[in-house]
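The residues making up each chain are set out below.
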Amino acid sequence: MKPTRARFVVLALLAMGTMINYLDRTVLGIAAPTLSRDLGLSAAVMGVVFSAFSWTYALAQIPGGVFLDRFGSRLTYFLSVGLWSVFTLLHGLATGLYSLLGFRFGLGLTEAPCFPTNSRVVSTWFPQQERARATGVYTVGEYLGLACFSPLLFWLMGHYGWRSLFFVTGIAGIVFALVWWWKYREPHESATVNRAELDYIAAGGGLAQPSAPNASGFSWARVRALLSHRQIVGACIGQFGGNSTLVFFLTWFPTYLATERQMGWIKIGFFAVMPFLAAAVGVMFGGWVSDALLQRTGSANIARKLPIIAGLLGASTIILANYAGTDLAVIAILSVAFFAQGMTGLGWTLISDIAPKNLMGLTGGIFNFAANLAGIVTPLVIGFIVAATGSFHYALAYVGAVALIGAASYVFVLGDVKRIEVA
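Caption draft 1: Geometry of the nonpolar core. In this structure, L35, W125, F248, F253, Y256 and F276 are the most contacted members of the largest nonpolar core, which totals 126 residues. Considering every element that reaches this core, the biggest residue donor is helix α1 (residues 6-39), with 17 residues. Contacts of F276, omitting those with residues within four sequence positions, involve Y143, L146, A147, F249, L250, F253 and F338.

Here it is, written out as structure tokens:
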């Protein structure tokens, strides 16, 4: 019997959900120059607003992971997408700093389970030898959505104002939540997968068996046990480094082009696409290289760590934009740096390879909590630097330095890529 390909339909759902996830959290970056002027918000205050999303997003990672382990992927993702889309829509009704902060807090809280769920679904539906490419496909949604829709979003803002951006993206997310509930099932519940495909997935380490009662429950002892493993600590530090570059592009990048480089809106709408397209290619390239290395060498250490380390080193080249003399040179440098950062999306593949089978949600929550501390720190640091100096020069230096620290963590801290066991 020929295996079906139901897992690729699941992957398409993850890719669409991730694209909407990042559109909803980052559309504020496109709206920021106009929104901040209309609401009277300074650069330092906008840094706080950009950071606010990650305060609740990071704090909700562990509870979100526990909820995922308890209630499963279908319900968790449905509630997460539906609620975050409502909060996105509410951004369009913001009247000042406090309402805007409240909506950012709600958005961060409700988006928290998204990536732990993605990781769990990939680990369940895909054999190990396909996970890096699968992770690359859904992760590309982070970048491809903004690359494809940025010109449209800038056009919408120019014709209908910044509030229209939040109304449009919020409604799109609500529609997708309904599609997810209608289409997604676990492998053993799916009506479209056959036994040959299930056997293929199981042979590669997928199809985790249901946990015993309370086997996946939360306890601080389990958190401490997970953090006692160098693999978890090293991956968390490394992803913090990679996410710092990502957060710059998702928050301050349009403002950087408008203020530091003095570009007009039409030029920004055109140039802003290029780094995101480069990052999308970087995500897919990293996943392809990782799985190819795994098949050729049989070593998860080489296959998972090498592309991420190369990506972090490449992301640090963002510093060179400080010395570029033309707009085209700046965009070229930023595109190379963002291409390299895209390769660090493999961190989620690495986590799916090392997380205990009964604690996928909790492990993903810890990883995403640490990684998204960058979402708290980076916007604040950049905002205060720009407010204090009137320039992005030291801001880009900070982003590049943190990427180098992330690379050092993967080299010296992470250790062997192997599944850990926690009782």
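Caption draft 2: Helix α10 (residues 220-227), seen in detail. The set of residues buried in α10 consists of R222, V223 and L226. Buried residues of α10, seen end-on, are gathered within an arc of 100° and therefore sit on one face of the element. Facing away from the buried surface of α10 by more than 90 degrees, the exposed residues are W220 and R224. Of the surrounding elements, those touching the buried residues of α10 are α11 (230-251) and α18 (360-371).

Caption draft 3: Expanded view of the state of the cysteines. Enumeration over the complete set of coordinates arrives at zero disulfides. Here C114 stays unpaired: no disulfide links it, and the sulfur of C236, its closest cysteine neighbor, is 18 Å away. Exposure remark for C114: the relative accessible area of 0% places this residue in the buried category. Judged by its relative accessible area of 7%, C236 is buried.

Caption draft 4: Geometry of helix α5 (residues 97-111). The end-to-end C-alpha distance of α5 is 21 Å, a good match for the 21 Å that 15 residues give at a rise of 1.5 Å each. Within the span of α5, buried status applies to L100, L101, F103, R104, G106, L107, G108, T110 and E111. Looking at the buried positions of α5, the neighbouring elements they touch are α1, α2 (43-59), α4 (73-91) and α6 (114-125).

Caption draft 5: Representation of the pattern of salt bridges within the structure. Counted by the stated rule, this structure contains 10 salt bridges. Residues D199 and R195 are paired through a salt bridge, measuring 3.4 Å at the closest nitrogen-oxygen approach. Here D199 and its partner R195 are both found in helix α9 (residues 195-203), four residues apart, which amounts to about one turn of the helix. With relative accessibility at 52%, the residue R195 sits in the exposed group. In this structure, D353 engages R304 in a salt bridge whose closest nitrogen and oxygen atoms are separated by 2.7 Å. Here D353 is found in helix α17 (residues 347-354), whereas its partner R304 is found in helix α15 (residues 300-315), with 49 residues between them in sequence. Take R304: its relative accessible area is 1%, and that puts it in the buried class. Each of the salt bridges in this network shares a partner with another, and the network as a whole consists of R131, R133, D291, R304 and D353.

Caption draft 6: Representation of the packing of aromatic side chains. The full count for this structure, using the stated rule, is 26 aromatic pairs. Centre to centre, the rings of F67 and F71 are 4.5 Å apart; their planes meet at 40°, and the pair counts as tilted. In this pair, F67 and F71 are both assigned in helix α3 (residues 61-71), four residues apart and thus about one turn of the helix distant. Exposure remark for F71: the relative accessible area of 43% places this residue in the partly exposed category. Relative to Y184, the ring of W180 lies with its centre 4.5 Å away and its plane at 5°, an arrangement referred to as stacked. The structure contains a cluster of three or more aromatic residues connected by ring pairs, namely F50, F248, F249, W252, F253, Y256, F276, F338 and F392. A cation sits over an aromatic face here: R70 above F71, 4.9 Å from the ring centre. The ring of W181 is capped by R74, whose NZ or CZ atom sits 3.6 Å from the centre of that ring.

Caption draft 7: A look at the packing of α17 against α18. The contact between α17 and α18 brings their axes to 10 Å, and the two run at 145°. Judged by the twist between their axes, the crossing of α17 over α18 is right-handed. For the pair α17 and α18, the contacting residues are G347, W348, I351 and S352 in the first and M360, T363, G364, F367 and N368 in the second. Class assignment of the residues belonging to the contact of α17 with α18 gives a composition of four nonpolar, five polar and no charged.

Caption draft 8: Structural context of the environment of L257. If you trace the backbone, L257 turns up in helix α12 (residues 253-260). When its relative accessible area of 0% is taken as the criterion, L257 is described as buried. The sequence separation of L257 and A272 amounts to 15 residues, and the corresponding C-alpha distance is 8.5 Å.

Caption draft 9: A look at empty space enclosed by the protein. For the structure shown, the criterion picks out three cavities of 30 Å³ or more. What the largest cavity holds in volume is close to 170 Å³. Along the wall of the largest cavity there are 17 residues; nearest its centre are R25, F53, S54, V247 and T251. The set of elements that each furnish at least two residues to the lining of the largest cavity consists of α1, α2, α11 and α19 (373-389).

Caption draft 10: Inspection of a nonpolar patch on the surface at higher detail. On the surface, a cluster of nonpolar side chains totalling about 430 Å² of accessible area is made up of F149, L152, W155 and Y160. Counting through the fold element by element, F149 comes out in helix α7 (residues 128-160). Look at F149 and you get partly exposed, because its relative accessible area is 32%.

Caption draft 11: Spatial organisation of the environment of I376. Turning to its location among the elements, I376 is positioned in helix α19. Each C-alpha atom, one on I376 and one on A52, is 6.9 Å from the other, the two residues being 324 residues apart in sequence. What I376 contacts, discounting residues up to four positions off in sequence, is S51, S54, W55 and A58.

Thresholds, definitions, all that
Position labels on residues start from 1 in each chain and follow its written sequence. Per-residue local features are limited, in this predicted model, to residues with pLDDT of at least 70; the limit for side-chain atom pairs, both in listing and counting, is 80 or more; totals at the level of whole chains, interfaces and linings are taken over all residues. Water and hydrogen atoms play no part in the side-chain values, which are based on all heavy atoms of the structure. Buried residues of nine kinds, namely Ala, Val, Leu, Ile, Met, Phe, Trp, Tyr and Cys, make up a nonpolar core once their side-chain atoms join them within 4.5 Å. Between buried and exposed lies partly exposed: a residue is buried under 20% and exposed over 50% of the maximum accessible area for its type, with that area taken using a 1.4 Å probe on protein chains only. Every helix listed is a DSSP run of H or I at least four residues long, and every strand listed is a run of E at least two residues long, numbered separately from the N terminus. Contacts are assigned to residue pairs that have any heavy atoms within 4.5 Å of one another. Think of the arc as the fan of directions from the helix axis to the C-beta atoms. Disulfides are defined as cysteine sulfur pairs within 2.5 Å. Expected helix span is given by 1.5 Å per residue-to-residue step, counting one fewer step than there are residues. Any carboxyl oxygen of Asp or Glu within 4 Å of a side-chain nitrogen of Lys or Arg constitutes a salt bridge here. Aromatic rings from Phe, Tyr and Trp, taking only the six-membered ring of Trp, are treated as a pair when their centres fall within 6.5 Å; an angle between ring planes under 30 degrees marks them as stacked, one over 60 as edge-to-face, and anything in between as tilted. Each ring is checked for a lysine NZ or an arginine CZ that lies within 6 Å of its centre and within 35 degrees of its normal; such an atom marks a charge sitting over the ring. Fitted lines through C-alpha atoms give the axes, limited to the stretch in contact for helices. The angle between two N-to-C directions lies from 0 to 180 degrees. By definition, any crossing whose near helix is turned counterclockwise from its far helix by less than a right angle is left-handed, and any crossing with a clockwise turn is right-handed. As a working rule, the residues Ala, Val, Leu, Ile, Met, Phe, Trp, Tyr, Cys and Pro are called nonpolar, Asp, Glu, Lys and Arg charged, and the rest polar, with Gly in that last group. The method works on a 1 Å grid over the protein atoms by themselves. A cavity is a set of points holding a 1.4 Å probe that cannot get out, a pocket is an open set with protein on both sides within 12 Å along at least five of seven lines, and residues with an atom within 4 Å of a point line them. Grid points are joined across faces, edges and corners, and a volume is the space filled by probe spheres set on the points. Patch definition: residues above 30% relative accessible area lacking any salt bridge, with like charges linked at up to 9 Å and the nonpolar side chains Val, Leu, Ile, Met, Phe, Trp and Tyr linked at up to 5 Å. Per-residue and other accessible areas were derived by the Shrake-Rupley procedure at a 1.4 Å probe size, with only the shown protein chains allowed to occlude residues.

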